Amino acid sequence: MHATINGERTLTGLDFARLSKLLERQLSPSLADLLASAEVTDARAVHPGVVTMNSKVEIIDVRTRAQQVLTICYPEDAVPSAGLISVLSPVGNGLLGLRAGETARWRTPNGDECAAEVKAIVFQPEAAGDYAA
């Protein structure tokens, strides 16, 4: 379940702090890797094209070209059938911190390799003025 990406990953300071606390409660090697290598920036300074926590993103499957809109959320808020994807899932972890135009790559729990391009950030809390989301 290790996610690899093309490009750098950016997290807000608040997301980094909350995800670090989540990591203390739940073992997630992929989240640990993300936190260890991420560039951390102030929520007020994060680029509006970066996938942050609670961002709604439009992605395109690299292989099938299928498009879907997902919201990256905390595990307790996840409802995959409604497009609310946990940051601890391979997809959520793979997308967090990417910019529009970048490609996330991950393995599903059964070992399949997947990739999706971030087509657009439909909603980012920080861009909407919500720095505590």
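Figured I'd write up the structure that's included with this text. Predicted model only: the values in this text are computed from it and were never measured.

Definitions and cut-offs
Residues numbered from 1 in each chain as written. Predicted model: local features only at pLDDT ≥ 70, side-chain atom pairs only at ≥ 80, totals over all residues. Heavy atoms only, no water. Helix = DSSP H or I, 4+ residues; strand = E, 2+ residues; numbered from the N terminus. Buried < 20%, exposed > 50% of the residue type's maximum accessible area, 1.4 Å probe, protein only. Core = buried A, V, L, I, M, F, W, Y, C linked by side-chain atoms within 4.5 Å. Contact = heavy atoms within 4.5 Å. Arc of directions from axis to C-beta.

## Looking at unusual backbone geometry
Leaving glycine aside, a negative phi is the common case for residues, and trans is the common case for peptide bonds. In this model, Asn-54 sits at a positive phi of 70°, which is unusual for a non-glycine residue. The residue Asn-54 is located in the loop between strand S3 (39-41) and strand S4 (56-61) in this model. A positive phi angle is found at Arg-65, which is not glycine, with a value near 70°. In this structure, Arg-65 sits in the loop between S4 and strand S5 (67-73). Judged by its relative accessible area of 48%, Arg-65 is partly exposed.

## As for the nonpolar core
The biggest cluster of nonpolar side chains holds 26 residues, and the ones touching the most others in it are Leu-19, Val-87, Leu-95 and Leu-96. Mapped by element, the contributors of at least two residues to this core are helix H1 (13-25), helix H2 (29-37), S4, S5, helix H3 (90-95), strand S7 (103-107) and strand S8 (113-123). Once residues lying within four places of it in the same chain are set aside, the contact partners of Leu-95 are Val-51, Val-57, Ile-59, Leu-70, Ile-72, Ala-104 and Val-118.

## Describing H2
Along an α-helix, a turn takes 3.6 residues, which lines up residues three or four apart on a common side. Turning to H2, its buried residues are Ser-30, Leu-31, Leu-34 and Leu-35. Across the axial projection of H2, the buried residues extend over an arc of 135°, all falling on one side. For H2, the exposed residues set more than 90 degrees away from the buried face come down to Pro-29, Ala-36 and Ser-37. Elements in contact with the buried residues of H2: strand S2 (10-12), H1 and H3.

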